[in-house]
Amino acid sequence: MGKDYQSEAQLEESLLQCLRSVGYQQVVIPDEDALYAHFREILNQRNADRLKGTPLSDKEFQRALNQMIGSRSFFEIAQILRGNDTQPTGKVSIQRDDNSPLYLEFFDGRTWAANVWEVTHQLTIKGVHENRYDVIILVNGLPLVQIELKRSDVDFTQAFNQIIRYKRETQREVPILRLVQMYVVSNGYETRYFANGDGNLNSKFMFYWTNVKNDWINTLRCFAVDFLEPHRLHSVIARYTIFDSANQKMLVMRPYQIYATEAIIRQAKQHPDENGFVWHTTGSGKTITSFKAARLLSQTTDAEKVIFLIDRADLDAQTAKNFDSYLPATTGGGPALDRTDDTATLVKQLQSLDNPLIVTTIQKLSNAVKNDRYKRVLTQYHDKKVAFIEDECHRSQFGKMRKDVNHWFQNAQHFGFTGTPIFKENVGADGRTTKDLYDKKLHQYLIRDAVRDGNVLGFAVQYINTIKGKEIETEDDEQVNTINTREVYENPKRIELIAEHILLNHDRTTKSRMYNAILTVPNTRIALAYYDMFRKLDPKHRLNVTTIYTWTANEDDNEEHQGTDDATSRLGLDRVIHDYNTYYHTDFSTEDFKKYFADVSKRMKEHDSRTPDQNIDVLIVVNMFLTGFDSPKLSTLYVDRYLKWHTLLQAFSRTNRVETDSKPFGNIIAYRNLKHDTDEAIKLFSGGTGAANFLAPSYDELKGDFTDAIHKLRQVAPTIDSVNDLYNVGDEAIKGFVLAFRDVLRIYNKLRVYDDFDWDQFAPTFTNQDMHEYRGRYFAAYEQLKKNRSDKIVGSVLDDIDFEINLIQQDKIDVQYIVNLIKSIDLGSKENRDSDSQRIRHMIDNADSSELKAKSKLLKEFLDKEIPNLKPNANIGDALTKFLEESRQKDIQSFARKNKIPQELITEQMADYQFYGRADDADIMNQLGKVPDLGFLQRRNLKQAVIDFVSDAINNYTLS
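Residues numbered from 1 in each chain as written. Predicted model: local features only at pLDDT ≥ 70, side-chain atom pairs only at ≥ 80, totals over all residues. Heavy atoms only, no water.

1. Let's talk about the overall build of the protein
Quick note on the threshold: Per the convention used, a helix needs a DSSP run of H or I reaching at least four residues, while a strand needs a run of E reaching at least two, with both numbered from the N terminus. Burial here depends on accessible area, computed with a 1.4 Å probe over protein chains only, as a share of the maximum for the residue type. Under 20% is buried, over 50% is exposed, and the range in between is partly exposed. Residues count as neighbours in contact if any of their non-hydrogen atoms are within 4.5 Å of one another. Here the accessible surface of atoms and residues is derived via Shrake-Rupley with a 1.4 Å probe, and residues count as covered only by protein chains that are part of the display.
Within the protein, the regular secondary structure consists of 37 helices and 22 strands. The buried share of the protein, reckoned over its 960 residues, is 55%. Within the protein, residue pairs in contact and separated by at least 24 positions form 73% of the contacts whose partners lie at least 6 positions apart. As presented, the protein carries roughly 42200 Å² of accessible surface, and 47% of it is formed by carbon and sulfur atoms.

Next up, the structure:
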């Protein structure tokens, strides 16, 4: 008897029944026309008073849709839907047919019950192909949530791939579907949600929904009752989304971020005399949570000021850019974060009544309250209600500066965020723990939870023995610092062996430098020794290696280094920066160390295998970059120093940011025996569960899995040539090969980073050559599937397979990629700005994308003429949009003037083309009929010229 399972139809009916039970009205919406008609009906009802008895005409409704959607990006549409902090209402203004102005409201972001909550199913849309949508949640007639289901014996990720196909085939054809804010996929037992967006969807950002204790709510029925219940869903859509203006992305918050934010608001309202802290593991998105909490505190509580307090040590250029991207501009139009050292600017913000939310550093605030010239101004804050949000509170809130701030703001409530709290085991010199300082833990989300959920990666830790025949224990901090031990560990021959090991294995560890690495060492002298060793062993820069550190004016070992080029650490760094300037064509020095730091940080974060000469492959550090530095492109930490407790986990966690399947875990390669300290740190910060939950499998385990996967592949396709024969058998046979080889790829992607890996261990059964040849057949199957889709062949069993093609292919340089690079140009300094622009120009000139070549002139003109004139805090995305629109208007004016036709004719046809995907032939002929002295043949020829111009202009001036 076959296995029982719930069919897709049964699952769908069960979901509909559940949604009806929590307050949804089920409606019948069979097709696109009915969807528009239903929204139009509700729009008329919601705005009946404003319409004064006259419903929207066809043209008025079309104008409203153009204002809501038109040619806008998803990012812009989503912002219009939510309004702003002051008026969280979706609204547009249009002109009625009688030329009177009309304001239309279509979404209430304040009150969930002020909206109409409905559900429909089996909506049929005819786009490139005919597609049927399983379940759509409608809010005021707008399709805001799309739910795709698979029967219970099918992997739910197939629903994710189906959404990608539907998005590609129908959202451009049917504009109202671009209002979909979120997707839900489920097979009944596994359920996830994720945000819509303009770019490619990434399966790594499908989220579990959980309860407040981080337990999964996975079954569809429970998910529907808890997450899709109108009150909760409204809060997620209206309140718990964040707009990243720099990257033009809407981010939907994860459950633990939502629960932490709600706990902070609850604490502020119900227990205003008690502080609180949030323990969310490093890499889980604390910054987003703290931003949202800060904004909601300023909007929903009686705090007169909310001060978001950060440590200056974390404030590199990219971090500052993130702050400005997430937070709105101040009332005065400036950025939310003042990055200058000018304390007077902070004092002005504290005086102002316009901006209830301030983002500043603890250093600047401490300076303000200690400075006598500001005491009169700031005296009022002795008693005023102030809420502090304090990031990385495990290290920035235990010193004298915190005491200074507390002394001044005596009616303040403090909320701290940390990934590694201070316990009695890792307490500092003052003896206080995080709980002592912040009273109550409001929410926790530990590393074990984050690895389980796929929100951060686990660690693959390898210990490389570099000392043979010497009985030296390295687990005791005092012993490590004894002279004899230091002589062994700092021996030039040992440093040479480690540098050689890195040079020989770095490509394998980082997937041919798709990613980069940090090497952390005990002090600045060893940092310079490693730098010089890499220069000696690799004079032609096969790997780009540099170092960065801070120095003290009078170092203890200056005497013994007298007469050398590196008599002080600063002189050594001067020499390093000179080399850096020569290689990267920059102009930094230790006099402007901040600029050097910013450039190093930028290169590490924007590491790109397509521009290897611009990358830093290995960055040698002492303490810098080991906390607060967040880059998915960092995959490996080489360790040649002592680490313990929170410093160990913080350092390891630099490598565990989620990127794509090409990065299965963070690689830790330790050249000292840190196993005991690693186990202890993991035990402390995982709530006592130990390492099993988030350390990668051992090499022997993966080797066994790889051998098994190879055996299964050989059963499906014994030889390379036998893959071709599978095409004669049919799609099911090809599917078997794709799945079998995909398993081989997945395990190999994890196995390759281990020092023990060697292809000889698997020969002759399977060799590196076999891997390459099977990979070619696998890619051919993927290309065949793409061809079938472009030829409009549908229904293949391969449609729903996740090929995970990024395991064998890197991103191509296309229009979207270049636009994203342009938006991320660093305007903070002329050097960074010019360097970024030059790199982008080079990529445009060498790209092979025909679409990019068509737009290259415009993009380079923007780089040359507009970028140099933008202010440091300018929004590049907005500037690019404005530039394209102005350029398009010039083209329209020129075309209209040349052909002696009204400019409005072109503008209206562009609106039609952008909305419907085609121009209106009949309307063009009618409009041209009003132009004097045009015969029928001239009108017909001119009609085609108008259509061609509109089509070309849309293609040339539209970047999404």
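There is more to say, and it comes next.
2. Looking at helix H12 (residues 343–351)
An α-helical turn contains 3.6 residues, so any two residues separated by three or four positions project in the same direction. So the rule is basically this: Here the arc refers to the set of directions running from the helix axis out to each C-beta atom.
For H12, every residue scored as buried is listed here: Thr343, Leu346, Val347, Gln349 and Leu350. Projection of H12 onto a plane perpendicular to its axis shows the buried side chains occupying an angular sector of 155 degrees, all on one side.

3. Some points on the packing of helix H22 (residues 524–537) against helix H23 (residues 569–584)
To characterise two packed helices, one gives the angle between the axes of the helices and the distance between these axes. Spelled out, the test is: Axis definition: a line fitted to C-alpha atoms, limited for helices to the stretch in contact. Angles are taken between N-to-C directions and run from 0 to 180 degrees. Oblique is the label for any angle not under 35 degrees, not over 145, and not in the 65 to 115 range, which are roughly parallel, roughly antiparallel and roughly perpendicular in turn. In a left-handed crossing the near helix is turned counterclockwise from the far helix by less than a right angle, and in a right-handed crossing that turn is clockwise. By the convention adopted, Pro, Cys, Tyr, Trp, Phe, Met, Ile, Leu, Val and Ala count as nonpolar, Lys, Arg, Asp and Glu as charged, and the other residues, Gly among them, as polar.
Contact pair H22 / H23: the axes reach a minimum separation of 10 Å and the direction vectors enclose 30 degrees. Between H22 and H23, the interaxial angle falls into the category roughly parallel. The two elements H22 and H23 meet at a crossing, and its hand is left-handed. Residues Thr524, Arg525, Leu528, Tyr531, Asp532 and Arg535 of H22 pack against Ser569, Gly572, Leu573, Arg575, Val576 and Asp579 of H23. Within the contact of H22 with H23, the residues separate by chemical class into 4 nonpolar, 3 polar and 5 charged.

4. Focus on the sheet that holds strand E16 (residues 441–445)
To be explicit about the condition: Whether two strands pair comes down to DSSP finding at least two bridges between them.
Across the sheet, which stays open at both edges, the 6 strands sit in the order E13-E12-E14-E15-E11-E16 with parallel pairing between neighbours. Looking at strand neighbours, the two that pair on one side only are strand E13 (357–361) and E16, the edges of this open sheet. Taken over all neighbouring pairs, the strand axes of this sheet differ in orientation by 15 degrees on average, direction set aside. Sheet topology note: the strand E12 (residues 305–310)/strand E14 (residues 386–390) ladder contains 5 bridges and is parallel. Each bridged residue has a counterpart across the sheet, and for Phe308 the counterpart in E14 is Ile389. Contacts from helix H10 (residues 286–300) reach strand E11 (276–280), E12, E13, E14 and strand E15 (412–418) within the one sheet, and its direction differs from that of E12 by about 160 degrees.

5. Overview of the pairing of strand E6 (residues 142–149)
Burial runs high along E6: 8 of the 8 residues are buried. Examined bridge by bridge, strand E5 (residues 130–139) and E6 share 5 bridges and lie antiparallel to one another. Bridge pairing links Ile136 to Gln146 in E6. Between E5 and E6, which follow one another and run antiparallel, lie 2 residues, and Asn140 among them has a positive phi close to 60 degrees. Where E6 lies against strand E7 (residues 182–186), 5 bridges are found, and the strand directions are parallel. For Val145, the partnering residue across the bridge sits in E7 and is Met182.

6. Digging into the sheet that holds strand E17 (residues 459–463)
Taking strand neighbours across the sheet as the criterion, the 6 strands line up as E17-E22-E21-E18-E20-E19 in an open arrangement whose pairing is parallel. Edge positions in the open sheet fall to E17 and strand E19 (545–547), since each of these has one partner strand only. Direction aside, the axes of adjacent strands within the sheet are offset by 20 degrees on average. Here strand E18 (residues 516–520) pairs with strand E21 (residues 634–639) via 5 bridges, running parallel. Counted as the bridge partner of Thr520 is Val639 from E21.

7. Section: the packing of helix H27 (residues 699–716) against helix H29 (residues 731–751)
In contact at an axis separation of 9 Å, H27 and H29 are set at 160 degrees when each is read in the N-to-C sense. When the interaxial angle is binned, H27 and H29 end up roughly antiparallel. The handedness of the crossing between H27 and H29 is left-handed. Here H27 contributes Tyr699, Leu702, Lys703, Asp705, Phe706, Ala709, Ile710, Leu713 and Val716 to the contact with H29, which in turn contributes Gly736, Phe737, Ala740, Phe741, Asp743, Val744, Ile747, Tyr748, Lys750 and Leu751. Partitioning the contact of H27 with H29 into residue classes produces 14 nonpolar, 1 polar and 4 charged.

8. Structural notes on the packing of aromatic side chains
For clarity, the threshold we go by: Two rings from Phe, Tyr or Trp (for Trp, the six-membered ring) form a pair when their centres sit within 6.5 Å of each other. Planes less than 30 degrees apart are called stacked, planes more than 60 degrees apart edge-to-face, and all others tilted. The rule for a charge over a ring is simple: NZ of Lys or CZ of Arg within 6 Å of the ring centre, and within 35 degrees of the ring normal.
Taken as a whole and assessed by the stated rule, the structure comprises 49 aromatic pairs. Ring geometry for Tyr580 and Phe588: centres 6.3 Å apart, planes at 55 degrees, overall tilted. Accessibility expressed as a relative area gives 2% for Tyr580, which makes it buried. Look at Phe588 and you get buried, because its relative accessible area is 6%. Here the aromatic rings of Phe895 and Phe949 are separated by 4.3 Å at their centres, their planes lie at 15 degrees, and the arrangement is stacked. One end of the pair, Phe895, is in helix H34 (residues 876–899); the other, Phe949, is in helix H37 (residues 936–957), with 54 residues separating them in the sequence. The ring of Tyr584 has Arg603 sitting right over it, with the charged end atom 4.2 Å from the ring centre. When the ring centre of Tyr489 is taken as origin, the NZ or CZ atom of Arg672, which lies over that ring, is 4.2 Å away.

Scope: geometric values only; no functional claims are made or implied.
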